[in-house]
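Architecture and fold: a report
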Amino acid sequence: MFHKLRNRFTLIFVGLAVIPLMIVVTVLAVDTFNDLVADTYDDLRELTKRFQGAVEQTIAGSLDDLILLDNAYGFDELSLEQQENLITAIIANKGSFERVSVLESDGTLRFEVSRYGSDFASERGQGSERNAVAQTVIDSKQLSSSGIRFDAQSGEPVLTIGIPFFDLRDGAISSLLLVDFRFRVVWNLVTELEAEAARSENFSLFLTDDLGTVVAYSDTSVVLRGTSFALPEQDGQVPNLRGENSFTVTRRFAVGSTGFVIVVQEHVANALKDINEAILTTAIVTLITLIAAGGLVALTVRQVVRPIEKLSSAASAIQQGNLSTRVDIESKDELGQLSGAFNHMTSELARLIENLEQRVKERTRDLSVAAEVSTQVTRLLDINELLPHLSNLTRSQFGLSHVSVFLYDPTDKALKLAAASGEVGLAMLQGSKKFGLEDKGLVPRAARLSKPVVINNVNDSPEYFPNPLLPHTQSEAALPMRIGERLLGVLDLQSDEQGYFTNDYVNILLTLSEQIAIAVQNAQLFEDLEVARDEAERANKVKSAFLASMSHELRTPLNAIINFSKFLRKGIPGPINEEQTKLLTGIAESGQHLLNLINDVLDMSKIESGSLKLYVEDNIDLRDIIHSAVQYTEPLLTDKPVEMILNLPDALPLLSGDRKRLLQIFLNIFSNAGKFTSEGHIRVQARTENQHIRIEVEDTGLGIAPEDYDKVFIAFLQTESGLRQSGEGTGLGMPITKRLVEAHKGRIWFESQLNRGTTFYVELPMQPDLVAERSSQSA
Amino acid sequence: MLKVLYVEDDAQSREVILMIERMNPGFMQTTMFSDSSHFEQRLLELTPPPDVILLDIHVKPLTGFQMLDIVRAHPQFSATPVVALTASVMNEEIDLLRVAGFHGGLGKPLNIDAFSTLLQRIVRGEIIWHV
């Protein structure tokens with residue numbers, strides 16, 4: 001709740017304005033109250049003082065006359081009758097005495113006079129209390145008094161006072177007066193005083209004795225009843241005689257030895273009436289003030305906070321995207337200014353965004369058009385198709401009036417028109433339009449600068465050379481097509497509208513021209529590729545034809561050389577001697593060697609050019625092949641102490657392969673073994689392992705030196721120990737064998753020890769997946 | 001005795017066939033054409049007609065293929081094996097020969113020792129490509 005300005009401010013204001021006010025008011029009220037109360041007590045105390053004074057005076061006043069008797073008259077000197085007359089006179093005069101008894105110094109009664117006459121001496125005159133007083137006076141030689149008692153006869157309260165008369169000569173008591181002071185006098189006094197002082201009904205003034213028995217009160221029935229009042233120890237609030245809570249002040253005093261207590265009470269409610277009124281007034285005033293203050297606060301806060309709230313909610317609205325929000329703060333102060341600035345800012349923002357959105361829309365559209373042109377164009381690889389399509393597409397998609405594509409020919413530094421849109425384009429192409437690199441005009445300039453050259457109003461520009469075929473052009477842009485540093489050409493774009501080629505637009509078009517450059521390059525490369533490929537194919541064909549004719553030409557004479565010499569050796573035309581046999585053998589062998597060489601070269605060429613073809617048959621029994629190869633090899637070993645040993649299982653799984661080539665493999669290996677073994681054996685073993693047939697050919701020949709291991713399968717390399725000795729190898733045998741094994745998806749490797757022998761291993765899969773032509777005929 | 005027709009323009013190669021004849025007396029008797037001119041006519045004139053025809057591919061004016069076609073055209077030779085003799089071992093040519101419908105092929109230089117056996121097998125109906 002406290003994060004709202006309004007609430008905070010309100011709270012602050014309330015705190016600042018109201019709370020001090022409340023505090024002050026409260027303090028004032030309390031003070032006033034206390035003052036009023038104190039005042040009340042003071043008033044009451046005053047009254048008690050006055051009352052005391054009055055009572056004392058009344059009583060004393062009454063007694064004076066009697067006391068004066070002693071001093072004035074020398075009372076005891078008088079006769080009894082005189083004494084009586086005096087006393088009677090005084091009683092009759094004052095009316096404040098009930099009776100007066102004159103006693104001897106020992107306390108015996110001399111005479112007694114009552115209000116009702118002197119004859120009315122009663123036995124009751126010698127009450128115990130009176131006696132006590134008399135005795136006290138005799139003992140103390142001082143005035144003494146009794147407590148207030150109610151006279152049996154009249155029922156009235158009386159106070160017995162004993163007054164001693166002294167003998168002037170010796171200071172002894174000569175006589176003693178016992179005066180029954182009628183307390184009614186005091187009653188009257190009380191009533192008078194009360195009437196005087198009373199502010200309302202709820203004011204009481206009375207007198208009690210020491211013990212609290214009420215002895216004088218305006219309501220005499222209270223007195224006659226002998227009501228007792230609970231004397232408080234201190235001034236304070238106690239119930240009055242009617243039971244109402246009252247401010248009570250008491251004052252003790254004594255007349256003689258008679259103690260009295262003056263009680264003055266004011267009913268609290270009465271006393272407080274004023275106070276309450278005052279408080280009420282104050283409270284009302286305070287409340288009104290509070291309300292007023294509250295109202296002011298609210299108003300002020302509102303004044304201040306509301307505009308801020310308005311601004312805040314406007315800002316929120318804008319944050320959520322409602323840019324049409326405005327703040328209507330009319331005041332001329334800072335808040336008003338702020339709102340003005342705010343509104344202005346918002347308008348600007350809205351405008352900018354709209355602007356931006358518009359531009360983005362436009363650019364997006366342009367880019368997508370460019371992208372589309374690029375896509376279409378890069379798909380074409382035929383440059384003759386590409387460029388015309390490109391020109392027309394660019395023209396239509398970008399709403400241009402004309403598009404030309406010039407390709408740069410570095411050999412003569414010219415920009416030659418390669419494609420142009422529309423009918424006009426055709427005409428231009430026929431005219432073989434071209435620009436030299438140094439010529440005037442946008443196109444050559446763009447090429448030279450390698451930067452776009454734009455004229456947005458051709459009428460203004462001195463650089464522009466109108467093309468008679470394109471009279472409506474108002475703006476033109478020439479964009480270089482570059483790949484990296486290399487210039488491929490220039491894209492020339494023309495429009496009927498002025499100012500068509502804005503900076504943003506040109507940038508997009510430049511992107512497009514880069515794409516076009518790539519497309520052109522691709523097309524060119526593709527063309528080159530085609531040419532190269534054609535040439536390669538041609539070269540290949542030439543090579544093949546060459547090889548074919550070479551093989552044909554070379555082999556044909558060998559037919560004669562080899563076979564004639566063989567024939568002669570057979571002796572069919574006639575017997576031949578040893579020497580002739582030897583020579584003829586030499587011829588045959590040489591011829592064979594040459595044939596082998598030719599075959600190997602052809603094989604190698606086929607393998608290298610990847611045109612080795614296997615004529616695959618199924619169900620080939622390797623044992624047959626091995627036997628055949630052994631047959632061919634054995635003649636080579638006739639003049640050497642080398643034994644061919646065959647360790648073949650009774651049956652080998654049949655496999656698929658090229659029979660001729662498989663024979664070739666083993667012929668090669670065996671003849672190699674035969675070539676390099678001068679004594680010992682060549683052992684051929686075969687067994688099945690997993691899904692393979694493994695053939696091992698072990699010889700006890702020269703072996704292969706470790707440094708020659710790599711050379712074994714490389715064409716035309718023969719090991720040192722090899723060719724020197726036999727002179728029969730072509731250097732191609734092993735490489736060809738390896739390729740042939742691999743063509744059958746097999747493996748070939750060897751282990752060798754110099755001067756001990758070599759073992760060749762051939763592993764052929766039983767179910768090779770041979771990609772080759774399968775002969776439909778089986779042998 | 002096998003009646004053999006051999007069309008071959010190379011004298012030495014023809015000589016080799018003769019050698020084979022002498023090596024295998026009574027095995028075969030060969031009629032030689034030294035070129036393929038008037039092939040069809042000469043073929044039809046042969047009596048008795050050949051049991052097997054050996055054609056060198058690279059003869060003129062008609063090539064081995066053309067001669068094969070001519071042989072095919074005559075029903076009396078429908079069972080006669082026609083074998084190509086060629087010194088060329090190029091895959092493409094071999095393929096063409098196979099596809100063309102020769103009953104076999106023997107590569108030059110000929111293996112004179114194996115020749116008779118191979119020819120017998122071919123005559124017996126086997127297709128042999130020994131190129």
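Residues numbered from 1 in each chain as written. Chains lettered and ligands numbered in written order. Predicted model: local features only at pLDDT ≥ 70, side-chain atom pairs only at ≥ 80, totals over all residues. Heavy atoms only, no water.

What about helix 12 (residues 578-608) of chain A?
To be explicit about the condition: Secondary structure counts use DSSP, requiring at least four H or I residues in a row for a helix and at least two E residues in a row for a strand, with both numbered from the N terminus. To estimate the expected span of a helix, count its residues, drop one, and scale the result by 1.5 Å. Under this definition, polar contacts are N or O atom pairs within 3.5 Å; protein pairs additionally need one hydrogen-donor-capable and one acceptor-capable atom, and for neighbouring residues in sequence, both atoms have to be side-chain atoms.
Between its first and last C-alpha atoms helix 12 of chain A spans 44 Å; for 31 residues at 1.5 Å apiece the expected length is 45 Å, and the two agree. Measuring from the side-chain oxygen of the N-cap residue of helix 12 of chain A to the backbone nitrogen of Glu 579 of chain A gives 3.1 Å; that N-cap residue is Asn 577 of chain A.

Regarding helix 2 (residues 80-94) of chain A
Residue and element names in this part refer to chain A. Stated formally: Partly exposed residues are those whose accessible area sits between 20% and 50% of the maximum for their type, while under 20% is buried and over 50% is exposed, using a 1.4 Å probe and protein chains only. In this description, the arc belongs to the directions extending from the helix axis to the C-beta atoms.
Over its 15 residues, helix 2 runs 21 Å from end to end, which matches the ideal 21 Å to within 8%, given 1.5 Å per residue. Those residues of helix 2 not exposed but buried are Gln 83, Ile 87, Ile 90 and Ile 91. Viewed end-on, helix 2 has its buried residues packed into an arc of 100°, placing them on one side of the element. Of the exposed residues in helix 2, those oriented more than 90 degrees away from the buried face are Glu 81, Ala 92 and Asn 93.

Things to note about the packing of aromatic side chains
What counts here: A pair of aromatic rings is counted whenever rings of Phe, Tyr or Trp (Trp by its six-membered ring) have centres within 6.5 Å, and the orientation is called stacked for planes under 30 degrees apart, edge-to-face for over 60 and tilted otherwise. Distance and angle both matter: a charge sits over a ring if NZ of Lys or CZ of Arg is within 6 Å of the ring centre and within 35 degrees of the ring normal.
All told, the structure shown has 17 aromatic pairs over all chains when counted by the stated rule. Between Phe 65 of chain B and Phe 102 of chain B the ring centres are 6.1 Å apart and the planes differ by 75°, which places this aromatic pair in the edge-to-face class. Of this pair, Phe 65 of chain B sits in helix 3 (residues 64-72) while Phe 102 of chain B sits in the loop between helix 4 (91-100) and strand 5 (104-107), and the two are 37 residues apart along the sequence. On the basis of relative accessibility, which here comes to 3%, the residue Phe 102 of chain B falls in the buried class. The positively charged end of Arg 98 of chain B is found above the aromatic ring belonging to Tyr 615 of chain A, 3.9 Å away from the centroid.

Here's the deal with the nonpolar core
All names here are of chain A. To keep things clear, this is the line we draw: Here, the term nonpolar core denotes a set of buried Ala, Val, Leu, Ile, Met, Phe, Trp, Tyr and Cys residues that are joined through side-chain atoms within 4.5 Å. The contact criterion used is simple: two residues touch if any of their non-hydrogen atoms lie within 4.5 Å.
The biggest cluster of nonpolar side chains holds 59 residues, and the ones touching the most others in it are Ile 59, Leu 66, Ile 87, Leu 177, Phe 183, Leu 207 and Phe 260. It is helix 1 (residues 5-73) that provides the largest number of residues to this core, a total of eleven residues. When residues no more than four places from it in sequence are discounted, the contact partners of Leu 207 are Phe 51, Val 55, Phe 183, Val 186, Thr 213, Val 214, Val 215, Ala 216, Phe 253, Phe 260, Val 261 and Ile 262. Membership of the second largest hydrophobic core comes to 41 residues, among which are Leu 655, Ile 669, Val 684 and Val 741.

Some thoughts on the pairing of strand 20 (residues 680-689) of chain A
Residues and elements named next belong to chain A. Here is the rule we go by: Pairing between strands is defined by DSSP: at least two bridges between them are needed.
Sheet topology note: the strand 18 (residues 642-647)/strand 20 ladder contains six bridges and is parallel. Across the sheet, the residue bridging to Glu 643 is His 681, located in strand 20. Alignment of strand 20 against strand 21 (residues 692-699), held across eight bridges, turns out to be antiparallel. Paired with Arg 683 across the strands is Glu 698, a residue of strand 21. Two successive antiparallel strands, strand 20 and strand 21, enclose a turn made up of two residues, where Asn 690 displays a positive phi of approximately 50°.

Describing the interface of chain A and chain B
Rules: Summed over both partners, the accessible area lost on bringing two parts together, with a 1.4 Å probe, is the buried area. Take a side-chain nitrogen of Lys or Arg and a carboxyl oxygen of Asp or Glu: if they are within 4 Å of each other, that pair is a salt bridge.
Contact with chain A, which involves 31 residues of that partner, is made by 26 residues of chain B. Between chain A and chain B the total buried area reaches about 2,700 Å² when both faces are included, carbon and sulfur atoms providing 57% of it. Counting across the chain A and chain B interface gives two salt bridges. Salt-bridge contacts for Lys 566 of chain A lead to Asp 113 of chain B; the nearest nitrogen and oxygen are separated by 3.9 Å.

Examining the pattern of salt bridges
Residue and element names in this part refer to chain A. Inspection of every chain in the model, using the stated rule, returns 31 salt bridges over all chains. Taking the shortest distance from any N to any O, the salt bridge between Arg 533 and Glu 530 comes out at 2.6 Å. With Arg 533 and Glu 530 both in helix 11 (residues 503-569) and three residues apart, the pair spans about one turn of that helix. By relative accessible area, which is 43% here, Arg 533 ends up partly exposed. A relative accessible area of 30% means that Glu 530 is categorised as partly exposed. A salt bridge links Glu 763 to Arg 694; the shortest N-O distance between them is 3.6 Å. Of this pair, Glu 763 sits in strand 23 (residues 757-765) while Arg 694 sits in strand 21; the two residues are 69 residues apart in sequence, bridging distant segments of the chain. Of the residues examined, Glu 763 reaches a relative accessible area of 9% and is grouped as buried. Through salt bridges with shared partners, a single ionic network connects Arg 687, Glu 689, Arg 694, Glu 696, Arg 747 and Glu 763.

Focus: the sheet that holds strand 15 (residues 475-483) of chain A
Residue and element names in this part refer to chain A. Put simply, the test is: Angles run from 0 to 180 degrees between N-to-C directions of axes, and those axes are lines fitted to C-alpha atoms, restricted for helices to the stretch in contact.
Taken in spatial order, the six strands make up an open sheet running 13-12-11-16-15-14, and their pairing is antiparallel. Each of the sheet's edge strands pairs with one partner strand only, and the pair in question is strand 13 (434-436) and strand 14 (453-455). Recorded for the sheet is a direction-independent mean angle of 20° between the axes of neighbouring strands. Pairing between strand 11 (residues 402-409) and strand 12 (residues 414-420): six bridges, direction antiparallel. In the sheet register, Leu 407 faces strand 12, and the bridge partner there is Lys 416. Strands strand 11 and strand 12 of the sheet are contacted by helix 9 (residues 422-430), whose axis makes an angle of about 140° with strand 12. Along the sheet, helix 11 makes contact with strand 11, strand 14, strand 15 and strand 16 (486-495), crossing strand 15 at roughly 45°.

Some details on the packing of helix 7 (residues 334-379) of chain A against helix 8 (residues 383-397) of chain A
Residues and elements named next belong to chain A. For clarity, the cut-off: With respect to orientation, any angle under 35 degrees is reported as roughly parallel, any angle over 145 as roughly antiparallel, any angle of 65 to 115 as roughly perpendicular, and every other angle as oblique. By convention, the crossing between two helices is left-handed when the near helix turns anticlockwise from the far helix through less than a right angle, and right-handed when the turn is clockwise. Throughout this entry, Asp, Glu, Lys and Arg are counted as charged residues, while Ala, Val, Leu, Ile, Met, Phe, Trp, Tyr, Cys and Pro are counted as nonpolar. The remaining residues, Gly among them, count as polar.
Following both chains from N to C, one finds helix 7 and helix 8 inclined at 165°, their axes separated by 10 Å at the closest point. If you check the angle between helix 7 and helix 8, you find them roughly antiparallel. In this structure, helix 7 crosses over helix 8, and the sense of that crossing is right-handed. Contacts between helix 7 and helix 8 involve Val 369, Glu 372, Val 373, Gln 376 and Val 377 from the former and Leu 386, His 389, Leu 390, Leu 393, Thr 394 and Gln 397 from the latter. Of the residues belonging to the contact of helix 7 with helix 8, the class tally is six nonpolar, four polar and one charged.

Let's talk about the confidence of the model for chain B
Here is the rule we go by: pLDDT is defined as a per-residue confidence score from the predictor, taking values between 0 and 100.
In this model, chain B carries a mean pLDDT of 89, and residues with pLDDT of at least 70 account for 98%. In the predicted complex, the global pTM is 0.45; the interface-specific ipTM is 0.89.

Comments concerning unusual backbone geometry
Backbone torsion omega between Lys 60 of chain B and Pro 61 of chain B reads 0°, so that peptide bond is classified as cis. Counting through the fold element by element, Pro 61 of chain B comes out in the loop between strand 3 (52-56) and helix 3. Between Lys 108 of chain B and Pro 109 of chain B the backbone carries a cis peptide bond, its omega angle lying at 5°. If you check the backbone angles, Lys 745 of chain A has positive phi at about 60° while not being a glycine.

A short note on the confidence of the model for chain A
The predicted model of chain A averages 82 in pLDDT, with 93% of residues at 70 or higher. Within the model, pLDDT remains below 50 along residues 722-727 of chain A, and this stretch shows eight contacts once partners closer than five positions in the same chain are excluded.

As for a negative patch on the surface
Residues and elements named next belong to chain A. Basically, it comes down to this: Every patch collects residues that have over 30% relative accessible area and no salt bridge, joining them within 9 Å if they carry like charges and within 5 Å if they are nonpolar side chains (Val, Leu, Ile, Met, Phe, Trp, Tyr). Only the protein chains shown count as cover for residues, and the accessible areas themselves come from Shrake-Rupley with a 1.4 Å probe. Here the positive residues are Lys and Arg and the negative ones are Asp and Glu; neither His nor the chain ends is included. Just so you know, the charge point we use is NZ for Lys, CZ for Arg, CG for Asp and CD for Glu.
A cluster of like negative charges, contributed by Asp 382, Glu 385, Glu 527 and Asp 528, occupies part of the molecular surface. Turning to its location among the elements, Glu 385 is positioned in helix 8. The class for Glu 385 is partly exposed, based on a relative accessible area of 46%.

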